[in-house]
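Listed below, chain by chain, are the residues.
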Amino acid sequence: MKKKLMYITPMILALFLTACGDQQIKKGAGESSTKTEQKAHKKEKKKAKIHKVGETVKVNGVEITITKAKFVKSAKHIHPHNGKVLQLNITVKNKSKQKVYVDSSHFNLYKGGKSQEEYYGGKAPISGDIDKGKKLSGIIKYDVSKAGTYQLIYSPAFSFDHKEIKWKIDVKK
């Protein structure tokens, strides 16, 4: 019996120590992964600059400029639910090496954290493929209630790094 215990005890002890060792390695790897994620998040926060109307911003080889923000009249038979129509004039230049698709659905407008709906009256919103080295200009209209400060966020549809561009848009009556 003592001989059996002599062989079994070291085997059990070895298995136990191996299991504990694996657990510590996994925990340590998770901690370093978390630290890396935290550093990346801090770096991303530093990069999250808020731009103004008229500034040209580059993301993934595409330059985007909000050239103008103003209130415009609504279409004759399509009245905005909130009372006003905010029009943003946008220019997009493709400086990448491939064709790029830009659409008004890649843009979202917020006021006080609340999403503003796009207004579909009159001229069609910006949308289309842009060949390399070419540009596209167009508009996006939003159904808003009043003048004030808005935030526009552009999120490219086919971005692997999930970059966003933000603009602060001040509109007066």
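Quantities reported herein were computed from a predicted structural model and do not represent experimental measurements.

(A) Quick look at the pairing of strand β11 (residues 165–171). Judged by which residues are buried, β11 turns out to be one-sided: Ile165, Trp167, Ile169 and Val171 face inward and are buried, whereas Lys166, Lys168 and Asp170, on the alternate face, are not. Here strand β1 (residues 50–52) pairs with β11 via 3 bridges, running parallel. In the strand pairing of β11, Lys52 is matched with Lys168. Across 7 bridges, strand β10 (residues 148–154) lies against β11 in antiparallel orientation. Looking at the pairing, Leu152 lines up with Trp167 of β11.

(B) Geometry of the side chain of Ser96. Inspection of the secondary structure assignment puts Ser96 in the loop between β4 (84–94) and β5 (100–103). Note on Ser96: relative accessible area 16%, which makes it buried. Reaching out from Ser96, the side chain makes a polar contact with the side chain of Asn94 at a distance of 2.6 Å. Side-chain polar atoms of Ser96 contact the backbone oxygen of Gln98, separated by 3.0 Å.

(C) Examining the side chain of His106 more closely. Assignment of secondary structure puts His106 in the loop between β5 and β6 (107–111). Accessibility expressed as a relative area gives 7% for His106, which makes it buried. With residues near it in sequence (within four places) discarded, His106 still touches Tyr101, Ile153, Tyr154, Ser155 and Ala157.

(D) Layout of the nonpolar core. In terms of nonpolar packing, the biggest core is built from 25 residues, with Ile64, Ile90, Phe107, Leu152 and Trp167 touching the most fellow members. The residues touching Ile64, leaving out its near neighbours within four places in the chain, are Glu55, Thr56, Val57, Ile90, Thr91, Val92, Phe107, Tyr154, Ile165 and Trp167.

(E) Layout of the confidence of the model for the chain. Taken residue by residue, the chain gives an average pLDDT of 81. The fraction at 70 or more is 70%. This model gives residues 1–5 a pLDDT under 50, and the stretch forms 1 contact once residues within four places in sequence are excluded. Contacts for the low-pLDDT stretch residues 22–28, under 50 throughout, to residues beyond four places or in other chains number 0 contacts.

(F) Quick look at the packing of aromatic side chains. According to the stated counting rule, one finds 1 aromatic pair in the structure shown. Here Phe107 and Tyr154 contribute two aromatic rings whose centre-to-centre distance is 4.8 Å and whose plane-to-plane angle is 40°, an arrangement assigned as tilted. Of this pair, Phe107 sits in strand β6 while Tyr154 sits in strand β10; the two residues are 47 residues apart in sequence, bridging distant segments of the chain. The burial state of Phe107 is the same as that of Tyr154; both residues are buried. Sitting over the face of the ring of Phe71, Lys84 holds its NZ or CZ atom 5.2 Å from the ring centroid. Directly above the aromatic system of Tyr150 lies the positively charged group of Lys111, at a separation of 5.1 Å from the ring centroid.

Definitions and cut-offs
- Residue numbers run consecutively from 1 along every chain, following the written order of its sequence.
- Side-chain atom pairs in this predicted model are given and counted only at pLDDT of 80 or more, local residue features only at pLDDT of at least 70, and totals for whole chains, interfaces and linings cover all residues.
- The basis for every side-chain value is the complete set of heavy atoms in the structure, and neither hydrogens nor water enter the calculation.
- Whether a residue is buried, partly exposed or exposed follows from its accessible area with a 1.4 Å probe, protein chains only, as a fraction of its type maximum: under 20%, in between, or over 50%, in that order.
- Helix and strand assignments come from DSSP, with helices taken as H or I runs of at least 4 residues and strands as E runs of at least 2, each series counted from the N terminus.
- For two strands to pair, DSSP has to find at least two bridges joining them.
- Definition of a polar contact: a pair of N or O atoms within 3.5 Å, with one able to donate and the other able to accept a hydrogen when the atoms are protein atoms, and with sequence-neighbouring residues admitted only if both atoms are side-chain atoms.
- By definition in these notes, contact holds between two residues if any of their heavy atoms fall within 4.5 Å.
- As used here, the term nonpolar core means buried Ala, Val, Leu, Ile, Met, Phe, Trp, Tyr and Cys residues forming a set that is joined through side-chain atoms within 4.5 Å.
- Within a predicted model, pLDDT stands for the predictor's per-residue confidence, ranging from 0 to 100.
- Pairs were defined over the aromatic rings of Phe, Tyr and Trp, the Trp ring being its six-membered one, requiring ring centres within 6.5 Å. Orientation was assigned from the angle between planes: stacked under 30 degrees, edge-to-face over 60, tilted for the rest.
- A ring is scored as having a charge over it whenever the NZ atom of a lysine or the CZ atom of an arginine sits within 6 Å of its centre and within 35 degrees of its normal.

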